[in-house]
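# Residue-level structure breakdown
Here is how the chains run, residue by residue.
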Amino acid sequence: MKNTNTYTKKERNSYLAGMFGQNVIYNIIATGLLGYYLQYVIYLPVIAIGWIVAVARVWDAINDPMMGTIVDRTKSKWGKCRPYLIIFPAIICVVTILTFVNGNYAEATTSTGKFLIVAWAAVSYIVWGMVYTVGDIPLWGLTSLMTEDENDRSKLLGLARMVAGIGGIGVLVVQIAQVVSKVFIDRGMELNKANQYGFIVTVTVMTVISSIMFEFAGTGTKERVSQSEERHTMKENFKMMWQCKPFRQLLISGILRSPIQLLMLVVMSFVTYYYANGNFTNIFPEGQPINFAMLLNIALIAVAIFAGQFVAMGITPALIKKFENKTLYNFYSIAGAVPFFLLFIIFKIAGGDLTPIGWVIVTAVLFTLASAGMGGINVLQSVMIADCVDYEEYNNGIRPDGVFFSGQSFITKLSGGIAALLQSFVYGAVHFSDKNIEVMNNSLAAGESFITYNDGKYAAAMFFLITIPPAIGMVLSAIPTWKYALSDKEHERMLSEIVKKRLEKKNETPVNEEVSK
């Protein structure tokens, strides 16, 4: 018989709306700010960007579990996750916009001016990471509190991951901002300043709309799973996270898979420079017909990078019913590495130019397969972490939803940090940074080709980053989970016992009341 203590259709839709809005905001920062704006618009040195992200990730190592502890200790009339989802979307909205509101590095002629701009980027990004965590951990933790039904939870997590993937539309902030920048250029504004204003306007509009949607996750849902009265300190929670073997395996696996984040970090700069020669508006040359060949190339590659994720996210919940979680997780990891390796091989075979339509189609197919591995793993990671919460409740009598899902938030942000450092090292090696990018942008605007610019070194560095490190990371991530400690059968048994105990506790008659009768 199906457990009736589960979410309604309206609650599910409200949660998914919030998930979409939150992920648009995440991609505005991950791709728009880190992957493009700081490097290609205000020309921060790539090594500075790498260290900004590295410092932020060190802080996250403390901040994320700390926030998870706070969430698990929260008691309110709304529950333990919803209060943060009601209050913090507006705060995240303001801080997100502020990360883009800084001076133009190209015009900072003094050392003090340059320092202030780098400092603004560092402080605003670290603050953004903190407030984003306050919303992210409760958002994912809520999935374990909205239902006691394992199938409903798997469905919700599968839909959440799919919607989060659709939230990847936030990466289009780069292209939209370039179109908006053209409006300022047409009004006589200098190129660098126009690009900056284009981003600020675009980010403001997209973030406000996304934050309103994010708010639905708190206002339109309900926490249905009862919580233990027992509370733990942050030190105890760190110990709990590490001692829970299946969770520890997932945590290490996620860290080893960090280079996969390079795909999302570099993707928009890759599409923009490699296929649009540095500016999306090149598709619509002034006074000339639309460049349909360029438009087709961009469409095929962009759709491929996201299509594989969506398909995998859509079918993975159904596959979970037929195959062991561990088996699927490791399959996605190993099989997903193959197309990444093949992409680098065909780049070399083609002599660095994959823009002819034949090569574009082959590239698109391989990107679809590669991103499918990434999408499937994302769904399984969330499902398996939720299982680990049940594992702790069964063994220790407490549900660490906030703490364990802080681990997922930590994996995501640490992965982004490692990816940013890898990017800074590779780009630094070929001097693809600060003033050199400004010179390149002007050269591309004058008619040069990004593919051949600087003997193709910049294009080769970019393509290397989105192929070889992700491939290696995917293979390595299967090592910790090869002998995963929590089988599906064992989890099903544990969850059955947990639900039974909850029902007995709910229906038992207090002793004093029985005596009085």
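What comes next is a walk through the structure.

## Structural notes on the pattern of salt bridges
- Evaluated as defined, the whole model comprises four salt bridges.
- A salt bridge links Arg 224 to Glu 11, with the shortest nitrogen-to-oxygen separation between them at 2.9 Å. Highlighted residues: Arg 224 in the loop between helix H7 (191–219) and helix H8 (234–243) and Glu 11 in helix H1 (residues 9–41), separated in sequence by 213 residues.
- We classify Glu 11 as buried; its relative accessible area is 10%.
- With a closest N to O distance of 2.7 Å, Glu 490 and Arg 493 form a salt bridge. Taken together, the positions of Glu 490 and Arg 493, both in helix H18 (residues 488–507) and three residues apart, correspond to about one turn of that helix.
- A relative accessible area of 28% places Glu 490 in the partly exposed class.

## Side note on helix H12 (residues 325–349)
- Taking 1.5 Å per residue, 25 residues should reach 36 Å; H12 reaches 37 Å between its end C-alpha atoms and fits that length.
- Once H12 finishes, Gly 351 follows within two positions and takes phi at roughly 70°, a positive value.

## Overview of the packing of aromatic side chains
- Going through the model one piece at a time under the given rule, you end up with 27 aromatic pairs.
- When the centroid spacing of 5.6 Å and the interplanar angle of 85° are considered together, the rings of Phe 270 and Tyr 275 count as edge-to-face.
- For the ring pair Tyr 427 and Phe 432, a centre distance of 4.8 Å and an interplane angle of 85° mean the geometry is edge-to-face.
- For Tyr 427, a relative accessible area of 0% puts it in the buried group.
- Here Phe 432 falls in the buried class, since its relative accessible area comes to 0%.
- Each residue in the set Tyr 36, Tyr 37, Tyr 40, Phe 100, Phe 199, Tyr 273, Tyr 427, Phe 432, Phe 450, Tyr 453 and Tyr 458 is aromatic and connected to the rest through ring pairs, giving one cluster.

Definitions and limits used
Residues numbered from 1 in each chain as written. Predicted model: local features only at pLDDT ≥ 70, side-chain atom pairs only at ≥ 80, totals over all residues. Heavy atoms only, no water. Salt bridge = Lys/Arg side-chain N within 4 Å of Asp/Glu carboxyl O. Helix = DSSP H or I, 4+ residues; strand = E, 2+ residues; numbered from the N terminus. Buried < 20%, exposed > 50% of the residue type's maximum accessible area, 1.4 Å probe, protein only. Expected span 1.5 Å × (residues − 1). Phe/Tyr/Trp six-rings, centres within 6.5 Å; stacked < 30°, edge-to-face > 60°.

Shape descriptors only; they carry no functional weight alone.
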